[in-house]
Amino acid sequence: MLNILVCVKQVPDVNLVKIDPVTGSLIRAGVPAILNPLDANALEAAVRTKEKYGGSVTVITMGPDQAAEALRECLAAGADRAVLLSDRAFANADTLATSYVIVTAAKLLGSFDLIFCGKESLDGATGQMASQLAERFDASQLSSVCTVLEVDEDKRTVTAERELALGVETARALLPCLMTVEKTNYRPRIPNLKSWKASRTAAIEMFTSDTIPGLDRAQIGDPGSPTKVPRTYPPEKGPGGEMIREGSAAKDVEALLARLADKL
Amino acid sequence: MNKYEYKDMWVYIEHSGGKILPVSLELCCEARKLCDAAGETLCAVVVGELHRSEIERILACGVEKLIRVSGTGLERFSVDAYTELFTQLCRKYRPSAVLVGGTIDGRDFAPRFACRLPTGCTSDATQLVYDPKTGDIEFIEPAVGGKMMAVITVPVMRPQVGTIRPGTFKYLPAGARPCEVIDERFDFPEEKIRTEVLDFLPDEADESLNIADAEYIVCVGNGLKGADTLGRYRELAALLGGKLGCTRPVFDRGILPYKLVIGQSGVVVKPRIYLAFGVSGAVNHVTGITDSDVIVAVNRDPEAAIFGYCTYGIVGDMDEVCDAMIAQLKAKV
């Protein structure tokens, strides 16, 4: 029986985020928060592994109370247990502080054989969480996994295919192992009505900084984050090119091709 | 921690099949400028054997210190061994910064040794600026899908660790300087390596997926209506003798494979003509196309950022413009 953990994040749908042209800050109002899309692929890989070998899938996230919605989505798609770490003291955490809170809390839930993560988040997109979670779990690490081939519970190994730049590598790792999942072969399932309904009222376990025993406050939130963001600004506008405005697509293209004649 | 006790900026030299990856040399060139600004020493860290001719390429970037590491357990890259190696080396030599190429391996082990030390780690900066007031490097990177730029610093901890994507910086060697060579022995017990490679199957050579050196590129962005409208862009690319590429959201929508994604996290291209259809112009994408000779942008939104970077711009429906281009190119032949 495998004990599987999936670490997920709720993110703003960045394709809909606008930037205030004056202040350069994000306008989040009205932007829906969604389950980070690549995390859905990680969850799918975890649930399929559970279905093949038996066991249970726990999803965990750190975020505001609304992040419970992302967890319910995971419950609908096959997760068995959902854990939300929510506290103002966790805010403004970088990957080092976030991984610390998640792993400290996860260790209270049991010991995990496999940990699945998405490759990166849509918003922060550092792609650093997986490595730092693996470090704190003292787990082996396989990134860019496109297929989980075999879990051998007796030998305590997992064998998986990794999608690398020039080909596919087959690798074997000792458990516990943290894998980041490619979307290639793990298209998220569409929950059926029954599981969706059940997820609406399912229990979500909550932890705050006060209810995670032994949590070192110096390592959480802003104080625990060695990286800082002193400022943000809108990207510089390029110098701009020559706009072709001839009145119709055909005439625009004619004028364009004339300008490109020596390059074609 | 007194950060001023940490000196030297390091670049990890990643190599494969006896050849240094271009990203490592790009980082040496960029770090050279940082070191000049900061009055620090540029140090390259090489793990394993490299031929003299390859070492010369590192030295040509103005490296003043070379740490050559040999020992057991390092022959093949593993996260376990390389994480421990860099943890130990950083504790021993106390560098102010460690820059690592944003390859799959680099992105696997750099955040991990940063966590073990512990210190701050950043990824995917597109600019590195030394701030003399604080003594910190500003890692400037696109955030929120390229809609804004964020300045990231590591103001207290050292070293400042950063992974940088291939192609972000230019390979412009500043010339060799006197260089001190340090030989470092590090043995990692083989039995502590928890991963093993069983097999490697190279991708079948699909030329359509190899866009890095294409002379003509037709790139479709998130303005693409759907997979069913792709045919005309393939046709245009074929007519030009070029390749089809896409932006990240098109991959996210499951329409085209990752190998066709152009930009910072995908392929960096430098064609004679780059035609962007329905591309908004997010920084992450623009970073990957700036070396194109000519950039043509077609977008229905006259405010699209891509028009700031193009050579020629057309405001209009991408499908209509593409169809007109196909018709007129065919008429010429």
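Here the structure is shown first, and the text comes after it.
Residues numbered from 1 in each chain as written. Chains lettered and ligands numbered in written order. Predicted model: local features only at pLDDT ≥ 70, side-chain atom pairs only at ≥ 80, totals over all residues.

A. Spatial organisation of helix 3 (residues 95-109) of chain A. Taking 1.5 Å of rise per residue, the 15 residues of helix 3 of chain A would be expected to cover 21 Å, and the 21 Å separating its terminal C-alpha atoms lies within 8% of that figure. In terms of residue burial, helix 3 of chain A counts as a mostly covered element, since eleven of its 15 residues are buried. All buried positions along helix 3 of chain A are accounted for by A:Thr95, A:Leu96, A:Ala97, A:Thr98, A:Ser99, A:Tyr100, A:Val101, A:Ile102, A:Val103, A:Ala105 and A:Ala106. Buried positions along helix 3 of chain A lie against strand 1 (2-7), strand 6 (55-62), strand 7 (81-85), helix 4 (129-137) and strand 13 (205-207) of chain A together with helix 4 (104-116) of chain B. Directly beyond the C-terminal end of helix 3 of chain A, a positive phi value near 140° is found at A:Gly110. (Helix = DSSP H or I, 4+ residues; strand = E, 2+ residues; numbered from the N terminus. Expected span 1.5 Å × (residues − 1). Buried ≥ 20, exposed ≤ 12 C-beta atoms within 10 Å, placed from the backbone. Contact = placed C-beta atoms within 7 Å.)

B. How the structure looks around the interface of chain A and chain B. On the chain B side, the residues contacting the 64 residues of chain A number 64 residues. Mapped onto the side of chain A that touches chain B, the elements with two or more residues apiece are helix 3, helix 4, strand 9 (140-152), strand 11 (167-174), strand 14 (228-233), strand 15 (242-243) and helix 6 (249-260) of chain A. By residue number, the principal contributor to the side of chain A that touches chain B is helix 6 of chain A, which donates nine residues. Among the residues making up the side of chain A that touches chain B, the classes are represented as 30 nonpolar, 20 polar and 14 charged. In terms of strand pairing, strand 11 of chain A meets strand 13 (residues 195-202) of chain B through seven bridges, oriented antiparallel. Looking at the pairing, A:Ala171 lines up with B:Val197 of strand 13 of chain B. (Nonpolar A, V, L, I, M, F, W, Y, C, P; charged D, E, K, R; others polar. Pairing = 2+ DSSP bridges.)

C. Broad picture of the pairing of strand 10 (residues 157-163) of chain A. All names here are of chain A. Most of strand 10 is tucked away: five of the seven residues are buried. Linking two consecutive strands that pair antiparallel, namely strand 9 and strand 10, is a turn of four residues; a positive phi of about 60° is found at Arg-156 within it. Summarising the sheet, strand 10 and strand 11 pair through seven bridges and their orientation is antiparallel. Paired with Thr-157 across the two strands is Leu-174, which belongs to strand 11.

D. Structural view of the nonpolar core. Core analysis: the largest hydrophobic core is formed by 177 residues, its most contacted members being A:Val6 and A:Cys74. If you tally residues by element for this core, the top one is helix 3 of chain A, at eight residues. Summarising the domain contributions, this core has at least three residues from each of domain 1 (3-192) and domain 2 (207-332) of chain B. Setting aside anything within four residues of it in sequence, one finds A:Val6 in contact with A:Ala42, A:Leu43, A:Ala46, A:Val57, A:Val59, A:Cys74, A:Ala79 and A:Phe116. (Core = buried A, V, L, I, M, F, W, Y, C linked by C-beta atoms within 7 Å. Domains from an automatic or database assignment.)

E. A look at the pairing of strand 6 of chain A. Residues and elements named next belong to chain A. Counting buried positions over the eight residues of strand 6 gives six, a clear majority of the element. The pairing of strand 1 with strand 6 spans six bridges and is classified as parallel. Within the sheet, the bridge partner assigned to Leu-5 lies in strand 6 and is Thr-58. Judged from the five bridges that link them, strand 6 and strand 7 form a sheet pairing that is parallel.

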